[in-house]
Amino acid sequence: MSALPSTARPAMPLPPLRPAEGWPSRRFWLGYAAAWLALGFALARADFQDPRVVRGRAPWEPFFLEMGSVAVVGALTLGIYGWIAFLERTGWGALRMAGAHLAGAAAFLLLHVGITYASRFAFYAAMGLEYRTKPWLAVLAFEAPKDLVTYALMAGLAYAWRLRLREQAHRLQIERARGELAELRLARLGDQLHPHFLFNCLNSIAALVEEDPRRAVTMIARVGDFLRASLREEGPVASLREEIDLARSYLEIQGLRFEGAIDARVDVPPALEGRRVPRLLLQPLVENAIKHTAARPERPLVIRVAAGTAGGGLWIEVANSRGEAPPRADGAGRGLALVRERLALHFGEAASLAVHESDPAWYRVRVDLPAERPAAGEGGAP
């Protein structure tokens, strides 16, 4: 006739039963029940082998008595967890909380003893046997120390488990907040890139209005087409094919301005055109190439756009031929800074943008992106 020793504990703490999350899975409950029954079996095995116990009992009795007692404790542990969850919401002071725990321990003792011994009397009667026990006060005195320790241990585990859940929820909230902040910053960068491009186009159109009004009108139409294409799809990522098309539209606009002084070449394998990249990644690089060198009909500016793979990752390079450097315009270099910030938000330190100026004939900007994830989603790393 014994209850759960003070060293016993459940194999798995019980997760909170929040309405938004629902009940734990069937697998959890099976594991929870199996853990308690395994503990009861171990205690029964020890009691069966105890040489101090007077012989004459049936071999099944230690297993029924111990496993039944432990099963009751396992069921009541769910109530302890709910009781702890309730006490956490009350915000009571230390004195009132101590009284609540004393009441909880007393309820645990009475329920454990009542359910355990009632099941024993009922089972023995069904078997045609008689189950004898000491007077009830003696039974309570015998079970009380063990049940008080068991209550304290289960309550402590419940507090620890709920603290762990709160920490996990807090970390999840932080990660969600970071993700939302990153999305907001990406949207802000996109909003900055569009005006950045538009202001430069307006300057180009203004230069053509008096020189060649017809070309200025054509350029305005091209700019409208470009803006419609760039705003056609929302989201922070696009295919490399879409980025190349936008870059070509931009180069066509600049070609109208400089009248054949720009020779653009795109060398991107068709197999790479489906790769996902941050939206508006390529156009600022092409714009930077045009800013870097003055384009003149007698000395056309050659721009090369290339892409390839290295170690599973994607690299994109925009190179322009060197020539006479134009006066540095307001905002020059801002496009590269925006691209760097966009890369950092998408990939952290896994992506990079490098400027290579050592070649006397070419000025190169190279972007290296990490390997594409198979399950990439909108807003995630491509």
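Given the structure is predicted, the values throughout are model-derived calculations rather than measurements.

What counts, and where the lines are drawn
- Residue positions within a chain follow its written sequence, with the count starting from 1.
- At least 70 in pLDDT is required for a residue's local features to be given in this predicted model, at least 80 for side-chain atom pairs to be given and counted, and no such filter applies to totals for whole chains, interfaces and linings, which use all residues.
- Note that the side-chain values use all heavy atoms of the structure and ignore hydrogens as well as water.
- For two strands to be treated as a pair, DSSP must find no fewer than two bridges joining them.
- Working definition: helices are DSSP H or I runs of at least four residues, strands are E runs of at least two. Numbering for both runs from the N terminus.
- Axis angles are defined between N-to-C directions and span 0 to 180 degrees, where every axis is a line fitted to C-alpha atoms and, for a helix, only to the segment in contact.
- By definition, residues are in contact when any of their heavy atoms lie within 4.5 Å.
- Each aromatic pair joins two rings of Phe, Tyr and Trp (for Trp, the six-membered one) with centres within 6.5 Å, and gets the label stacked for planes under 30 degrees apart, edge-to-face for over 60, and tilted for any other angle.
- For every residue, the accessible area (1.4 Å probe, protein chains only) is compared with the maximum for its type, and the residue is labelled buried under 20%, exposed over 50%, or partly exposed between those bounds.
- Over a ring means this: the NZ of a Lys or the CZ of an Arg is within 6 Å of the ring centre and within 35 degrees of the ring normal.
- Among the buried residues, those of types Ala, Val, Leu, Ile, Met, Phe, Trp, Tyr and Cys that are joined through side-chain atoms within 4.5 Å form a nonpolar core.

## Section: the sheet that holds strand S4 (residues 301-310)
Then, in step 1: If you trace the 5 strands from one edge of the open sheet to the other, you get S2-S4-S5-S7-S6, paired in mixed fashion. With partners counted over all chains shown, the strands left at the sheet margins are strand S2 (262-267) and strand S6 (352-356), one partner each. Averaged over all pairs of adjacent strands, the angle between strand axes in this sheet comes to 15°, irrespective of strand direction.
Then, in step 2: Taken together, the 6 bridges between S2 and S4 define a ladder with parallel strand orientation. Within S4, the residue paired with Arg265 across the bridge is Arg304.
Then, in step 3: Contacts from helix H6 (residues 240-258) reach S2, S4 and strand S5 (313-321), with the element oriented near 170° to S2.

## Some remarks on the packing of aromatic side chains
Two measures describe an aromatic ring pair: the distance that separates the ring centres and the angle between the ring planes.
Then, in step 1: Inspection of the entire model under this criterion finds 9 aromatic pairs.
Then, in step 2: Here Phe86 and Trp92 contribute two aromatic rings whose centre-to-centre distance is 6.1 Å and whose plane-to-plane angle is 85°, an arrangement assigned as edge-to-face.
Then, in step 3: Note on Phe123 and Tyr124: the rings are 6.4 Å apart at their centroids and 80° apart in plane angle, and the pair reads as edge-to-face.
Then, in step 4: Overall, the relative accessible area of 4% leaves Tyr124 in the buried class.
Then, in step 5: Counting every residue linked through ring pairs, the aromatic cluster contains Tyr117, Phe121, Phe123, Tyr124, Tyr131 and Trp136.
Then, in step 6: The cationic tip of Arg120 hangs over the ring face of Tyr117; the distance from NZ or CZ to the ring centre is 4.9 Å.

## Section: the nonpolar core
Then, in step 1: In terms of nonpolar packing, the biggest core is built from 45 residues, with Ile303, Leu343 and Leu369 touching the most fellow members.
Then, in step 2: Those elements giving two or more residues to this core turn out to be helix H4 (136-211), helix H5 (213-230), H6, helix H7 (282-292), S4, S5, helix H8 (334-347) and strand S7 (362-369).
Then, in step 3: For this core, the element with the most residues is H6, which contributes 9 residues.
Then, in step 4: If sequence neighbours within four positions are ignored, Leu369 has contacts with Val277, Pro278, Leu281, Gly313, Leu314, Leu343, Phe347 and Ala351.

## Observations concerning the pairing of S5
Then, in step 1: When you tally the buried positions in S5, you get 9 out of 9 residues, the bulk of the element.
Then, in step 2: Neither face of S5 is open: one carries Gly313, Trp315, Glu317, Ala319 and Ser321, the other Leu314, Ile316, Val318 and Asn320, and all of them are buried.
Then, in step 3: Examined bridge by bridge, S4 and S5 share 8 bridges and lie antiparallel to one another. Considered in S5, the bridge of Ile303 is made with Asn320.

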